[in-house]
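Residue-level listing of the chains:
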Amino acid sequence: MENLTREKEFQAKLDREVKIEPKDWMPDAYRKTLIRQISQHAHSEIVGMLPEGNWITRAPNLRRKAALLAKVQDEAGHGLYLYSAAETLGVDRIDLEEQLLDGTAKYSSIFNYPTQTWADIGAIGWLVDGAAILNQVPLCRTSYGPYARAMVRVCKEESFHQRQGYEIIMTLAQGNEAQKKLAQDALNRWWWPALMMFGPSDDNSKHSAQSMAWKIKRFSNDYLRQDFVDRTVPQAEYIGLSVPDKDLKWNDERGHYDFGPINWEEFYNVIKGNGPCNRQRLKTRNASFKAGAWVREAASAYADKKASRKEVAA
Amino acid sequence: MSQRKDSWPLWEVFVRGKQGLHHKHAGSLHAPDAEMAIKNARDVYTRRSEGVSIWVVPSDQITASNPENKDSLFDPAESKVYRHPTFYEVPDGVKFI
């Protein structure tokens, strides 16, 4: 009974746009939803380093290499901001990490696609980060304070990611025939997975309604997807690339682009673990966690040694 | 917050944006000791010249007011409008006040 009144007060607070902070009372389901969403978001940032890391040593010049390194380092930072935000809800980062490593946690499906050519690095920045920005900007106003604050920081840093990607694709699209082909091929392969990043359509999104009521989510999946299409199609046209969708057409009446059906079977298949790189990503994460063990152990041993010296001196 | 034995302690990070400003809470991170916490904070929270000085404080050393006491702590100030300059009437013609 008491919880019922508290839940009503909680919802009233959200309706007044008051943010929830870590020590405030919140329904268990709200806490659980946030832990799930924020940790999945964090895992996505961490796994997101892998497809791009693949090209750091093969970047075509120093300018591109420095930018890509900085971008990948940002993704690591974003993962850390998000793990910190999740921890304010009473979980330990190490437990979340274990869920990622043993494959029980989910992360954004987009990172289970391979980066086959340098143009893919452009397509990721332009399309994947572009889609991520549209998802993330409204999250700056999400109802949970620490998550919102982490997203403000992430969004500020993310805009360079999209621009560097577009610059890469544009350079290729304006290059020779072979380069143009690379750019078009990357767009062909990343377009649909990027549209899938917004999640299932509104009628099939199981968490959406509650998340909207809790103001964790501010816009529906389909609304954001449409926004992405409307912004991105002219960007593709500007550099002479064609979006791989024969149904794509400007609809004057709606004031939006109409676009073709999404292959949801592929989406669910990748989520289930059958994407082109699911196993490889997990293997790489696990290998790098193991390879880093000695660094963590050494840092702990050094800290212990210093602490014990201090005790002796005191 | 309970912490697992095999994880490093949590530190709260405060960054001074530039000389003359307060240190402001930036976030938190895990590190084995204070020195590493500063180094990690440099990489995590100041990659774009966001700061000129960093404080790190063990999270468990922070005592916070209880949100349940919010009303009793902060409501009394709301009725004291006379603590603000706009409470007082000064004629239009009077300057520099």
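In every chain, residue numbers begin from 1 and rise along the written sequence. Going through the entries in the order they are written, you letter the chains from A and number the ligands from 1. Since the coordinates come from a predicted model, pLDDT governs what is reported: local features require at least 70, and pairs of side-chain atoms require 80 or more to be given and counted, while whole-chain, interface and lining totals use all residues. Think of the side-chain values as coming from all heavy atoms in the structure, minus any hydrogens and water.

Draft legend 1. Up close: the overall build of chain A. Each helix and strand counted, chain A has 13 helices and 2 strands in total. Counting only C-alpha atoms and orienting by the principal axes, one finds that chain A spans roughly 70 × 55 × 35 Å. For every residue, the accessible area obtained with a 1.4 Å probe (protein chains only) is divided by the maximum for its type, and the residue is called buried under 20%, exposed over 50%, and partly exposed between those limits. With 314 residues in all, chain A has 49% of them scored as buried. Calculation of accessible area relied on Shrake-Rupley with a 1.4 Å probe; when residues are assessed, cover is drawn exclusively from the protein chains displayed. Accessible surface, chain A as shown: approximately 15800 Å² in total, 55% of it carbon and sulfur. All tallies of charge rest on Lys and Arg as positive and Asp and Glu as negative; His and the ends of each chain are not included. For the purpose of locating charges, the reference atoms are NZ of Lys, CZ of Arg, CG of Asp and CD of Glu. The average position of the 44 basic charges and that of the 41 acidic charges among the side chains of chain A differ by 5 Å. In this description a helix means any DSSP run of H or I spanning at least four residues, a strand means any run of E spanning at least two, and both kinds are numbered starting from the N terminus.

Draft legend 2. Structural context of the overall build of chain B. Broken down by element type, chain B carries 2 helices and 3 strands. Shown N-terminal to C-terminal, the secondary structure of chain B runs as helices and strands in the order β-β-α-β-α. We compute the radius of gyration from the C-alpha atoms alone; for a globule the expected value is 2.2 Å times N to the 0.38, where N is the number of residues. Rg of the C-alpha trace for chain B: 21 Å, well past the compact-globule value of 13 Å for 97 residues, more than 25% over. Across the 97 residues of chain B, 25% fall into the buried class. For this analysis, residues touch if any pair of their heavy atoms sits within 4.5 Å. Considering only contacts within chain B whose residues lie at least 6 apart along the sequence, 42% involve residues at least 24 apart. Accessible surface computed for chain B: about 7400 Å², of which carbon and sulfur atoms make up 55%. Averaging the positions of the 13 positive and the 13 negative side-chain charges in chain B gives two centres separated by 7 Å.

Draft legend 3. The environment of Tyr257(A), seen in detail. All names here are of chain A. Position of tyrosine 257 among the secondary structure elements: in strand E2 (residues 256–258). Accessibility expressed as a relative area gives 12% for tyrosine 257, which makes it buried. Taking C-alpha positions, tyrosine 257 is 32 Å from tyrosine 147, a pair spaced 110 residues apart along the chain.

Draft legend 4. Representation of the interface of chain B and chain A in the model. On the side of chain A, 28 residues touch chain B, which itself brings 23 residues to the contact. Buried area: the sum, over both parts, of the accessible surface (1.4 Å probe) that disappears when the two are put together. Regarding the contact of chain B and chain A, the summed buried area is about 2100 Å², with carbon and sulfur atoms giving 46% of it. The term salt bridge refers to a pairing of a side-chain nitrogen on Lys or Arg with a carboxyl oxygen on Asp or Glu at a separation within 4 Å. Remark: the boundary between chain B and chain A carries 7 salt bridges. A salt bridge links Glu35(B) to Lys306(A), with the nearest nitrogen and oxygen atoms 2.4 Å apart. Pairs of N or O atoms within 3.5 Å make up the polar contacts considered here, provided that, within protein, one atom can donate a hydrogen while the other can accept it, and that residues adjacent in sequence are counted only when both atoms are side-chain atoms. Counting across the chain B and chain A interface gives 13 residue pairs in polar contact (both at pLDDT 80 or more). Within the residue set of the side of chain B that touches chain A, elements represented by two or more residues are strand E2 (23–30) and helix H1 (34–45) of chain B. At 4 residues, the largest contribution of residues to the side of chain B that touches chain A is made by E2(B). Gly is placed with the polar residues, together with every amino acid not listed as nonpolar (Ala, Val, Leu, Ile, Met, Phe, Trp, Tyr, Cys and Pro) or charged (Asp, Glu, Lys and Arg). Tallied by class, residues from the side of chain B that touches chain A come to 10 nonpolar, 5 polar and 8 charged.

Draft legend 5. Up close: the pairing of strand E1 (residues 10–16) of chain B. Residue and element names in this part refer to chain B. For E1, a buried count of 6 out of 7 residues is recorded, marking the element as mostly surrounded by other parts of the structure. The rule for pairing is simple: two strands pair if DSSP sees at least two bridges between them. One ladder, built from 7 bridges, connects E1 with E2; its direction is antiparallel. What sits directly across from arginine 16, in E2, is histidine 23. What sits between the antiparallel neighbours E1 and E2 is a turn of 6 residues, in which glycine 20 has the positive phi angle 100°. Where E1 meets strand E3 (residues 53–58), 6 bridges bridge the pair, whose relative direction is antiparallel. Bridge pairing in E3 links arginine 16 to serine 53.

Draft legend 6. Layout of the environment of Pro276(A). All names here are of chain A. Examined against the element boundaries, proline 276 turns out to sit in the loop between helix H11 (264–274) and helix H12 (278–291). For proline 276, a relative accessible area of 53% corresponds to the exposed category. For the pair formed by proline 276 and asparagine 176, sequence separation is 100 residues and the distance between their alpha carbons is 30 Å. Excluding residues that lie within four positions of it along the chain, proline 276 makes contacts with Asn112, Tyr113 and Pro114.

Draft legend 7. Broad picture of the sheet that holds E3(B). Residues and elements named next belong to chain B. Here 3 strands make up an open sheet; going across it, the order is E2-E1-E3 and the pairing antiparallel. Whereas interior strands pair on both sides, the edge strands pair on one side only; in this sheet they are E2 and E3. Sheet twist, expressed as the average angle between the axes of neighbouring strands with direction ignored, equals 25°. For helices, the fitted line uses only the C-alpha atoms of the stretch in contact; every axis is such a line through C-alpha atoms, and the angle between N-to-C directions lies from 0 to 180 degrees. With respect to the sheet, H1 is in contact with E1, E2 and E3, its orientation differing from that of E2 by roughly 110°.

Draft legend 8. Geometry of the packing of aromatic side chains. Residue and element names in this part refer to chain A. For this analysis, a ring pair means two rings from Phe, Tyr or Trp (six-membered ring only for Trp) whose centres lie within 6.5 Å, classed as stacked if their planes differ by under 30 degrees, edge-to-face if by over 60, and tilted for the remaining angles. By the definition in use, this model includes 16 aromatic pairs over all chains. Ring centres of phenylalanine 10 and tryptophan 25 lie 6.1 Å apart, and the angle between their planes is 80°; on these two criteria the pair is classed as edge-to-face. Of the two residues, phenylalanine 10 is situated in helix H1 (residues 2–15) and tryptophan 25 in the loop between H1 and helix H2 (28–47); the sequence distance between them amounts to 15 residues. Residue phenylalanine 10 is classed as buried on the basis of its relative accessible area, which comes to 3%. A relative accessible area of 24% means that tryptophan 25 is categorised as partly exposed. For the pair phenylalanine 10 and tyrosine 30, a centre-to-centre distance of 4.9 Å together with 75° between the ring planes defines the contact as edge-to-face. On the criterion of sequence distance, the pair formed by phenylalanine 10 in helix H1 and tyrosine 30 in helix H2 is long-range, its members being 20 residues apart. Neither phenylalanine 10 nor tyrosine 30 differs from the other in exposure class; each is buried. Each residue in the set Phe10, Trp25, Tyr30 and Trp214 is aromatic and connected to the rest through ring pairs, giving one cluster. Positioned over the ring face of tyrosine 81 is arginine 153, at 5.5 Å from the centre of the ring. Distance and angle both matter: a charge sits over a ring if NZ of Lys or CZ of Arg is within 6 Å of the ring centre and within 35 degrees of the ring normal.

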